[in-house]
Amino acid sequence: MSVQPAQTEKLPSDFLWGFATASFQIEGSTNADGRGKSWWDDFAKLPGKTLDGRDGDVATDSYNRWEDDLDLLVSYGVNSYRFSLAWSRIIPLGGRNDPVNEAGIQWYSNLIDGLLKRGITPFVTLYHWDLPQALYDRYGGWLGREIVEDYVNYAKICFQRFGDRVKFWLTHNEPWCVSVLGHGRGVFAPGRSSDRTRSPEGDSSTEPWIVGHNLILAHANACKLYREQFKASQGGTIGITLNGDMALPYDDSPENIAAAQHALDVAIGWFADPIYLGDYPEYMKEMLGDRLPRFTPEERAVVLGSSEFYGMNTYTTNLCKAGGDDEFQGKVEYTFTRPDGTQLGTQAHCAWLQDYPEGFRALLNYLYKRYSKPIYVTENGFAVKDENTMPLEQALADHDRVQYFKGNTAAILAAVNEDGVDIRSYFAWSLLDNFEWADGYVTRFGLTYVDYDTQERYPKDSAKFVTQWFKEHVSSAPEPKQDQGPTKEPEHLELPQANGDAAETDSTTTSPTVETADPTSAKKKTKRAPFARFTAYISTFLGI
Ligand code: PNW
């Protein structure tokens, strides 16, 4: 075996890698330089809304410490940084007829220049959940159709003012969370829900679907504007980023195989199907009837093909059983406990997250096959159990997070080089421990530890692992430039199997909507070692 890994074991030289953050989670300084209120400002202060009762007024103080944070990125050697813009710093009241705040624009302009000066490519999210409060007060925020025009106006100002330097745009971060967690479960701002112990107003049976519809229309119209007025001169690319975790059947019963697809339909297909395929999934139409808004032909024309790539945020894998009445999970029950009683992976601090790299690789394949777009992994990360109560030295030795990134970086490499998935970026969540929404500061996702008393930053072992891994695995030699335009067709997308070739003969049970991969191509694969414990039902599920 050669010491120097072969070129095929690396990622292309233009692969973007680094860390991700979001404005409200790190900036603090909520009253600085004319910033308007966001709906998270007051929501976080309401009793019981965050686990530790703390808010985002200071966060990691990155509004003041931004140059130190950029220097930290340099010390890590990243080539890209994903961050979001706070709408209410740029237009304090949010609307298309409201004044623009030059001081807010200047702050982001400095940040972008600071990145470029350090040789780091900015990857910018327009909306990561911090809506201007004034728009909620005016017409209910995402519940009102007027939001589409206001969002497009906001996007236009960002393209005009930053697009000369920003070439990677994300319209929304995780619209499922805005819809469901904000307007269904009521755990994120604005906290609306049918549950009257949680919220005095809201209707969880209708509002999330309306909000989702308006988010899609806002996204699509912003992309249309970018293409028509900015893309030719600025030369950037634009898309949306969706949350979505792999869904695997609990066992190989037909109803649980169908359940896994239903979970994917609602978690991912709700947004991805209209944007990449032209309409909501059939299963959602059946489940929701006329509670699901429909696209007019004109809207559909704008929505279809609006995103130029697939922006992927993913954290975990769920085992799926048919049943239950939770529409936000597609009437599917999730578990991490296998039929034999074992756990799928290592448990994180938050109940919804276990480590399962095989699921990450399976999801990369599923998305590439279904939507045929290059994939930008824009978030992926892990919160170590009880890290917040550990002494500093112990927290920095974040073994479980290192294991998580070991597994998922190997999955990326295998998906690119063995499965032929077109993956163009990887951003670990997150650069810093930060304001983890309803969890307050109790749950730490950072690869850098933040001491909130002093605001000192300390690299964890995971930061060392991830930065070293990408330095070793991104090719240094420039390769023939990959075309940003027409996507190469997905090909030979077979998944690794549990035990070598065993699953090839056992593919009688296939999911109704997941196509069967060409089984002959499985013969080409040689490297399966890191995924030896890939379970049989993955191959069953994907019909290979
Ligand atoms: C993402 N869930 O949110 C967000 O984009 C980040 O802002 C956040 O800090 C990060 O993941 C870690 O939570 C999610 O309940 C929040 O499944 C909740 C869920 C998933 C993603």
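Okay, so let's go over this structure. (Residues numbered from 1 in each chain as written. Predicted model: local features only at pLDDT ≥ 70, side-chain atom pairs only at ≥ 80, totals over all residues. Heavy atoms only, no water.)

### Looking at the overall build of the protein
Thinking step 1. The secondary structure content of the protein amounts to 17 helices and 13 strands.
Thinking step 2. The buried share among the 544 residues of the protein stands at 63%.
Thinking step 3. The contacts of the protein with a sequence gap of at least 6 include a subset with a gap of at least 24, amounting to 78%.
Thinking step 4. Put simply, the protein shows about 19,800 Å² of open surface, and 51% of that area lies on carbon and sulfur atoms. (Helix = DSSP H or I, 4+ residues; strand = E, 2+ residues; numbered from the N terminus. Buried < 20%, exposed > 50% of the residue type's maximum accessible area, 1.4 Å probe, protein only. Contact = heavy atoms within 4.5 Å. Areas by Shrake-Rupley, 256 points an atom, 1.4 Å probe, with all protein chains shown as cover.)

### Topic: the packing of aromatic side chains
Thinking step 1. Within the structure shown, the criterion is met by 52 aromatic pairs.
Thinking step 2. Ring centres of tryptophan 469 and phenylalanine 470 lie 4.8 Å apart, and the angle between their planes is 80 degrees; on these two criteria the pair is classed as edge-to-face.
Thinking step 3. Under the relative-accessibility criterion, tryptophan 469 is labelled buried at 9%.
Thinking step 4. Three or more aromatic residues link up through ring pairs in this structure, and these residues are Phe24, Trp40, Phe43, Trp129, Phe188, Phe435, Trp437, Tyr441 and Tyr452. (Phe/Tyr/Trp six-rings, centres within 6.5 Å; stacked < 30°, edge-to-face > 60°.)

### Focus on the pattern of salt bridges
Thinking step 1. This model, assessed by the stated rule, comprises 37 salt bridges.
Thinking step 2. Put simply, aspartate 42 and lysine 37 hold a salt bridge, and the shortest N to O gap is 2.9 Å.
Thinking step 3. By relative accessible area, lysine 37 is classed as partly exposed at 44%.
Thinking step 4. What emerges from the salt-bridge pattern is a single network uniting Glu387, Asp398, Arg401, Asp433, Arg444 and Lys460. (Salt bridge = Lys/Arg side-chain N within 4 Å of Asp/Glu carboxyl O.)

### Here's the deal with the site of the ligand
Thinking step 1. In the vicinity of the ligand lie 13 residues, with Gln25, His128, Glu379, Glu436 and Trp437 positioned nearest.
Thinking step 2. With respect to the ligand, the side chain of glutamate 436 contributes an N or O atom lying 2.6 Å from an oxygen atom.
Thinking step 3. Look at the ligand: alone it shows 450 Å² of surface, and the protein chains cover 90% of it.
Thinking step 4. Of the residues in the shell around the ligand, the class split is six nonpolar, four polar and three charged. (Near = heavy atom within 4 Å. Polar contact = N/O pair within 3.5 Å; in protein donor to acceptor, adjacent residues only side chain to side chain. Nonpolar A, V, L, I, M, F, W, Y, C, P; charged D, E, K, R; others polar.)

### Considerations on the pairing of strand β12 (residues 448–451)
Thinking step 1. With four bridges connecting them, β12 and strand β13 (residues 456–459) associate as antiparallel partners. Counterpart to valine 450 in the pairing with β13 is arginine 457.
Thinking step 2. Adjacent in sequence and paired antiparallel, β12 and β13 are bridged by four residues, among which glutamine 455 carries a positive phi angle near 65 degrees. (Pairing = 2+ DSSP bridges.)

### Describing the packing of helix α10 (residues 254–277) against helix α13 (residues 357–371)
Thinking step 1. Closest axis-to-axis distance for the α10/α13 pair is 11 Å, and the angle between their directions is 40 degrees. Taken together, α10 and α13 sit at an angle that is classed as oblique. Two packed elements cross with a definite hand, and for α10 against α13 that hand is right-handed. In contact with Gln261, Leu264, Asp265, Ile268, Gly269, Ala272, Asp273, Tyr276 and Leu277 of α10, α13 contributes Leu363, Tyr366, Leu367, Arg370 and Tyr371. (Axes fitted to C-alpha atoms, helices over the stretch in contact; angles between N-to-C directions. Parallel < 35°, antiparallel > 145°, perpendicular 65-115°, else oblique. Left-handed = near helix turned anticlockwise from the far one by under 90°.)

### A closer look at helix α5 (residues 102–117)
Thinking step 1. Under the 1.5 Å per step criterion, the end-to-end length of α5 is 22 Å for 16 residues, consistent within 8% with the ideal 22 Å.
Thinking step 2. Buried within α5 we find Gly104, Ile105, Trp107, Tyr108, Ser109, Leu111, Ile112, Gly114 and Leu115.
Thinking step 3. At the C-terminal side of α5, glycine 119 shows a positive phi close to 75 degrees. (Expected span 1.5 Å × (residues − 1).)

### Description of the packing of helix α3 (residues 62–76) against α5
Thinking step 1. Look at α3 against α5: their axes get within 10 Å of each other, and the N-to-C directions meet at 10 degrees. When the interaxial angle is binned, α3 and α5 end up roughly parallel. Of the residues in α5, those in contact with Ser62, Tyr63, Trp66, Leu70 and Leu73 of α3 are Trp107, Asn110, Leu111, Gly114 and Leu115.
Thinking step 2. Classifying every residue of the contact of α3 with α5 by side-chain character gives seven nonpolar, three polar and no charged.

### Some words on the environment of threonine 237
Thinking step 1. By the element assignment, threonine 237 lies in strand β5 (residues 237–243).
Thinking step 2. Overall, the relative accessible area of 5% leaves threonine 237 in the buried class.
Thinking step 3. With 70 residues separating them in the primary sequence, threonine 237 and serine 307 have C-alpha atoms 8.8 Å apart.
Thinking step 4. In terms of polar contacts, threonine 237 uses its side chain to reach the side chain of glutamate 308, at 2.6 Å.

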